[in-house]
Amino acid sequence: MSVRQIQQNFKAWMTLSTRSAVLSLYMRAFRIARAWRAQTGIRSDTEAERKYIVQEARTLFRQNQQLTDQESIRRCIEECEARIEIGLHYRIPYPRATYLPPLGLATQKGRKLRGQQRLRKQAKPVYLQSHDET
């Protein structure tokens, strides 16, 4: 077996394992939504939260459907796993709020602003990477 054949086999194996991991997470999100109960115990809250879970899963998975880079796929898988675990732990399906300091120290132009924006982006937790700046 040549090096090229090994690389092709490894790439095909990574694609299959990545595909199965993504499909597994997708189905897990739907199973969680089916069994979800709101903390309040109110039926309308439960239905709203279930609907949110399904809608969010569909939106994010479709948004990232065209990704081909293994590294970006891995980051999306990590984000999904983190959001699932945090949601199950806190019993809240919505992304957990985080404190990111405002850009009050930087001027409106120049290096300082870019530096502050870069630091702000780096400080964003893995489970919020798919959400836009608020």
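Note: the structure precedes this text.
Residues numbered from 1 in each chain as written. Predicted model: local features only at pLDDT ≥ 70, side-chain atom pairs only at ≥ 80, totals over all residues. Heavy atoms only, no water.

*Asks:* Where do I start with the nonpolar core in this structure?
*Replies:* It is characteristic of soluble globular proteins that their nonpolar side chains tend to be buried jointly. L25, I32, A33, W36, I53, I73, I77, C80 and I84 form the largest nonpolar core, which has 9 residues in total. Top contributing element to this core by residue count: helix α3 (residues 70–90), with 4 residues. Ignoring any residue separated from it by four or fewer positions in sequence, one finds A33 in contact with R50, I53 and V54. (Core = buried A, V, L, I, M, F, W, Y, C linked by side-chain atoms within 4.5 Å. Buried < 20%, exposed > 50% of the residue type's maximum accessible area, 1.4 Å probe, protein only. Helix = DSSP H or I, 4+ residues; strand = E, 2+ residues; numbered from the N terminus. Contact = heavy atoms within 4.5 Å.)

*Asks:* What should I look at first to understand the packing of aromatic side chains in this one?
*Replies:* What characterises a pair of aromatic rings is the spacing of the ring centres plus the angle enclosed by the ring planes. Counted by the stated rule, this structure contains 3 aromatic pairs. On the basis of an interplanar angle of 90 degrees and a centroid distance of 4.8 Å, the ring pair of Y26 and F30 is categorised as edge-to-face. Taken together, the residues span about one helical turn, with Y26 and F30 both in helix α1 (residues 3–35) at a distance of 4 residues. Given a relative accessible area of 16%, F30 falls into the buried group. Aromatic pair Y26 and F61: ring centres 4.8 Å apart, planes at 65 degrees, arrangement edge-to-face. Here Y26 is found in helix α1, whereas its partner F61 is found in helix α2 (residues 43–63), with 35 residues between them in sequence. Aromatic rings pair up to connect Y26, F30 and F61 into one cluster. Above the face of the W36 ring, R91 is positioned so that its terminal group lies 4.2 Å from the ring centre. (Phe/Tyr/Trp six-rings, centres within 6.5 Å; stacked < 30°, edge-to-face > 60°. Lys NZ or Arg CZ within 6 Å of the ring centre and 35° of its normal.)

*Asks:* In this structure, what is going on with a nonpolar patch on the surface? I would like to understand it.
*Replies:* Together, Y90, I92 and Y94 make up an exposed nonpolar region whose accessible area comes to about 270 Å². For Y90, a relative accessible area of 37% gives the class partly exposed. (Patch = residues over 30% accessible without salt bridge, like charges linked within 9 Å, V, L, I, M, F, W, Y side chains within 5 Å. Areas by Shrake-Rupley, 256 points an atom, 1.4 Å probe, with all protein chains shown as cover. Salt bridge = Lys/Arg side-chain N within 4 Å of Asp/Glu carboxyl O.)

*Asks:* I keep staring at unusual backbone geometry and nothing clicks. Help me out?
*Replies:* Non-glycine residue R91 carries a positive phi angle of around 60 degrees. By the secondary structure assignment, R91 is in the loop between α3 and α4 (111–122). Of the residues examined, R91 reaches a relative accessible area of 28% and is grouped as partly exposed.

*Asks:* What exactly am I supposed to notice about the pattern of salt bridges here?
*Replies:* A side chain of one charge can pair with a side chain of the opposite charge when the charged atoms of the two come close. Tallying each qualifying case throughout the model produces 6 salt bridges. Between E85 and R28 there is a salt bridge, with the nearest N and O atoms lying 3.0 Å from each other. Linking E85 in helix α3 with R28 in helix α1, this pair joins segments that are 57 residues apart in sequence. We classify R28 as partly exposed; its relative accessible area is 27%. Of the charged contacts in the structure, one is a salt bridge between R74 and E78, with a shortest N-O distance of 2.3 Å. Placement of the pair is R74 and E78 together in helix α3, with a separation of 4 residues, close to one helical turn. The partly exposed category is assigned to R74, whose relative accessible area is 36%.

Nothing here speaks to function; it is all geometry.
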